[in-house]
Amino acid sequence: MSVDLTQPHDVCLKCGRPTPLGVSLCENDNPGRIKSPSTTQVHATILIGVMVGFGLFLVLLRVGSAGVGPFPSMLAGYSTRADGGLDIAVTVSNGGQRSAGASCRLSANGAPDFRDYIFFTQPIQPGETRTFTQTVPAAPGAPALSPASLAVNCT
């Protein structure tokens, strides 16, 4: 196969010899003239691989989190600090079948908000109820939290 080097051309992926446009292997490296996969085939293969990867990740996540929680919780007490922050006591129960820590969200008005204070508990044994104390710092430039409207939710 003769290639005019004054015209646009490709090169063989294996040896670097000039090839016609759109041809990825020269005659020496591809004597049977087997066609290269199309870009659609390559992209579909990648897409399928990514989808299978996400599926396996979801299965792994499901297996890894089986038997964890729920974590019923309640605000057991609080005290206001001089700097406008709070010291809170949260009672958390592990209703699951495995020992695990809970992720708790303290909301100022009971509804989730980006300003919520989030903290993690120590591991709690299945069926056990524990009380944790946590210091909630005052938000800069915001009014002090009103303890009467606080709500805690642990997952």
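Whatever comes next refers back to the structure up there.
Note that the structure is a prediction, hence the values are computed from the model and not measured. (Residues numbered from 1 in each chain as written. Predicted model: local features only at pLDDT ≥ 70, side-chain atom pairs only at ≥ 80, totals over all residues. Heavy atoms only, no water.)

Structural notes on the overall build of the protein
- From N to C terminus, the protein includes one helix and eight strands.
- Secondary structure elements in the protein, listed N-terminal to C-terminal, are β-β-α-β-β-β-β-β-β.
- Relative to its length of 155 residues, the protein is extended, with a C-alpha radius of gyration of 31 Å against a globular reference of 15 Å.
- In terms of overall dimensions, the protein has a C-alpha envelope of 85 × 40 × 25 Å along the principal axes.
- In the protein, which comprises 155 residues, the proportion classed as buried is 21%. (Helix = DSSP H or I, 4+ residues; strand = E, 2+ residues; numbered from the N terminus. Rg over C-alpha atoms; globule rule 2.2 N^0.38 Å. Buried < 20%, exposed > 50% of the residue type's maximum accessible area, 1.4 Å probe, protein only.)

Details of the pattern of salt bridges
- Under the defined criterion, the tally for this structure stands at four salt bridges.
- A salt bridge links aspartate 83 to arginine 81, with the nearest nitrogen and oxygen atoms 3.6 Å apart.
- For the salt bridge of arginine 105 with aspartate 116, the shortest nitrogen-to-oxygen distance reads 3.1 Å. Pair noted here: arginine 105 is in strand 5 (residues 103–107) and aspartate 116 is in the loop between strand 5 and strand 6 (117–120), with a separation of 11 residues, a long-range link.
- Under the relative-accessibility criterion, arginine 105 is labelled partly exposed at 30%.
- Salt bridges sharing partners connect three or more residues here, namely Arg81, Asp83 and Asp87. (Salt bridge = Lys/Arg side-chain N within 4 Å of Asp/Glu carboxyl O.)

A closer look at the nonpolar core
- The biggest cluster of nonpolar side chains holds 16 residues, and the ones touching the most others in it are Ile88, Val90, Val92, Cys104 and Cys154.
- Elements that contribute at least two residues to this core include exactly strand 4 (86–93), strand 5, strand 7 (129–136) and strand 8 (151–154).
- Sorting elements by how many residues they give to this core places strand 4 first, with four residues.
- Apart from residues lying up to four places away in sequence, valine 92 is in contact with Phe71, Pro72, Ser73, Ala102, Cys104, Thr121, Ile124, Glu128, Thr129, Arg130, Phe132 and Cys154. (Core = buried A, V, L, I, M, F, W, Y, C linked by side-chain atoms within 4.5 Å. Contact = heavy atoms within 4.5 Å.)

All quantities given are derived from atomic positions and should not be read as evidence of function.
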